[in-house]
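Observations on chain architecture
Given next are the chains, with one letter for each unit.
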Amino acid sequence: MEIILAVAAVVLFILWAISCRRKLAVMDENVNNAMVQIGVQLSSRFDALTALLDLAKGYAAHESQMLIETVKFRRRIITAASTPDDVLKQEGVISEAMGRIALVAERCPELMADENYAKCKNAVDSYEKMLHTSHLIYNDSVTKLNRELRIFPSSLLAGVLGFRQRDYLEAAENQILSYSK
């Protein structure tokens, strides 16, 4: 009888450990997926930004070419292994480029009147809004994972299984939705 109880306790512990591992793995993968989605949005935003830069090139060739080279040099792909700091750096590159494009557009009213410029600008703004939504999803996923990692009894196995808390994406207020004017 004692052996049966001991075996039952061991089996229950193993089942609980498997269940806990599975739940943490799903949450960890949700965080990774959310980061990849941010990468997709940033990549699309960079593509729209590049189209905007190509349009501006005709109006301020030297400045636009220099900006295109800077953006290409500083652009990095965001993956599941990227950190929130990596994302903020990439958003900074885009914000800097958008600010410089805005200066070119102010000096060239015919650029602002160009229909293609307006379409590209709207595309950049649209991706910016989607990126903001992706930030919210990422931070929500991080909250769920971090909470589970701190709650007993999951906290007992989390470290042993290699799970760790993740950092939140905390963008400066002026970076998100700052060019939707």
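Scoring rules and cut-offs
Throughout, a residue's number is its position along its own chain's written sequence, starting from 1. It should be noted that, the model being predicted, local features are given only for residues of pLDDT at least 70 and side-chain atom pairs only at 80 or more, the latter also being counted only at that level, while totals for whole chains, interfaces and linings use all residues. Computation of side-chain values covers all heavy atoms of the structure but excludes hydrogens and water. We define a salt bridge as a contact between a side-chain nitrogen of Lys or Arg and a carboxyl oxygen of Asp or Glu at a distance within 4 Å. Helix numbering and strand numbering both begin at the N terminus, where a helix is a DSSP run of H or I of at least 4 residues and a strand a DSSP run of E of at least 2. Buried, partly exposed and exposed residues are distinguished by accessible area as a fraction of the type maximum, computed with a 1.4 Å probe on protein chains only: under 20%, between the cut-offs, and over 50%, respectively. Here, nonpolar core refers to any group of buried Ala, Val, Leu, Ile, Met, Phe, Trp, Tyr and Cys residues whose side-chain atoms link them within 4.5 Å. The contact criterion used is simple: two residues touch if any of their non-hydrogen atoms lie within 4.5 Å. Comment: axis = line fitted to C-alpha atoms, over the contacting stretch for helices; angle = value between 0 and 180 degrees taken between N-to-C directions. Geometric relationships in this document are graded by angle, where less than 35 degrees denotes roughly parallel, more than 145 denotes roughly antiparallel, 65 to 115 denotes roughly perpendicular, and other angles denote oblique. Each residue gets one label: Ala, Val, Leu, Ile, Met, Phe, Trp, Tyr, Cys and Pro are nonpolar, Asp, Glu, Lys and Arg are charged, and the others, such as Gly, are polar. Helix span, as expected, comes to 1.5 Å for every residue beyond the first. It is the directions from the helix axis to the C-beta atoms whose arc is reported. In what follows, a disulfide is any cysteine sulfur pair within 2.5 Å.

1. Considerations on the pattern of salt bridges
- Under the counting rule described, the total for this entry stands at 10 salt bridges.
- The shortest N-O distance in the salt bridge between Arg 75 and Asp 47 comes to 3.5 Å. Taken together, the positions of Arg 75 in the loop between helix H2 (61-74) and helix H3 (84-107) and Asp 47 in helix H1 (residues 2-57) put the pair 28 residues apart, joining distant regions of the chain.
- Judged by relative accessible area, which is 45%, Asp 47 ranks as partly exposed.
- Among the salt bridges present, the one from Lys 144 reaches Asp 140, with a minimum N-O distance of 3.3 Å. Of the two residues, Lys 144 and Asp 140 are both situated in helix H5 (residues 115-150); the distance of 4 residues between them amounts to about one turn of the helix.
- Residue Lys 144 is classed as partly exposed on the basis of its relative accessible area of 41%.

2. Remarks on the nonpolar core
- In this structure, Leu 49, Val 71, Ile 101 and Tyr 138 are the most contacted members of the largest nonpolar core, which totals 42 residues.
- Of all the secondary structure elements, the ones that give two or more residues to this core are H1, H2, H3, H5 and helix H6 (154-161).
- With 15 residues, the single largest contributor to this core is H1.
- Apart from residues no more than four positions distant in its own chain, Tyr 138 is found in contact with Val 31, Ala 34, Met 35, Ile 38, Pro 84, Arg 166, Asp 167, Tyr 168 and Leu 169.

3. Some remarks on unusual backbone geometry
- A cis amide bond links Phe 152 with the next residue in sequence, Pro 153, at an omega value of 10°.
- In this fold, Pro 153 is placed in the loop between H5 and H6.

4. Side note on the packing of H5 against H6
- Between H5 and H6, the least distance of the axes is 6 Å, while the angle of their chain directions is 105°. One way to sum up the angle between H5 and H6 is to call them roughly perpendicular. Residues Glu 148, Leu 149 and Arg 150 of H5 touch H6, and the partners they reach there are Ser 154, Ser 155 and Ala 158.
- For the contact of H5 with H6, the per-class residue count stands at 2 nonpolar, 2 polar and 2 charged.

5. Some details on H2
- Its 14 residues place the ends of H2 20 Å apart at the C-alpha level, agreeing with the 20 Å of an ideal helix rising 1.5 Å per residue.
- Listed in full, the buried residues belonging to H2 are Ser 64, Leu 67, Ile 68 and Val 71. When H2 is viewed along its axis, its buried side chains cluster within an angular range of 105° and face the same direction. In H2, the exposed positions angled more than 90 degrees off the buried face are occupied by His 62 and Phe 73.
- Of the surrounding secondary structure, the elements contacted by the buried residues of H2 are H1 and H3.

6. Focus on the state of the cysteines
- The tally for this structure, following the rule as stated, stands at 0 disulfides.
- Summary of cysteine pairing: Cys 120 is not part of a disulfide, and the nearest cysteine sulfur, belonging to Cys 108, is at 16 Å.

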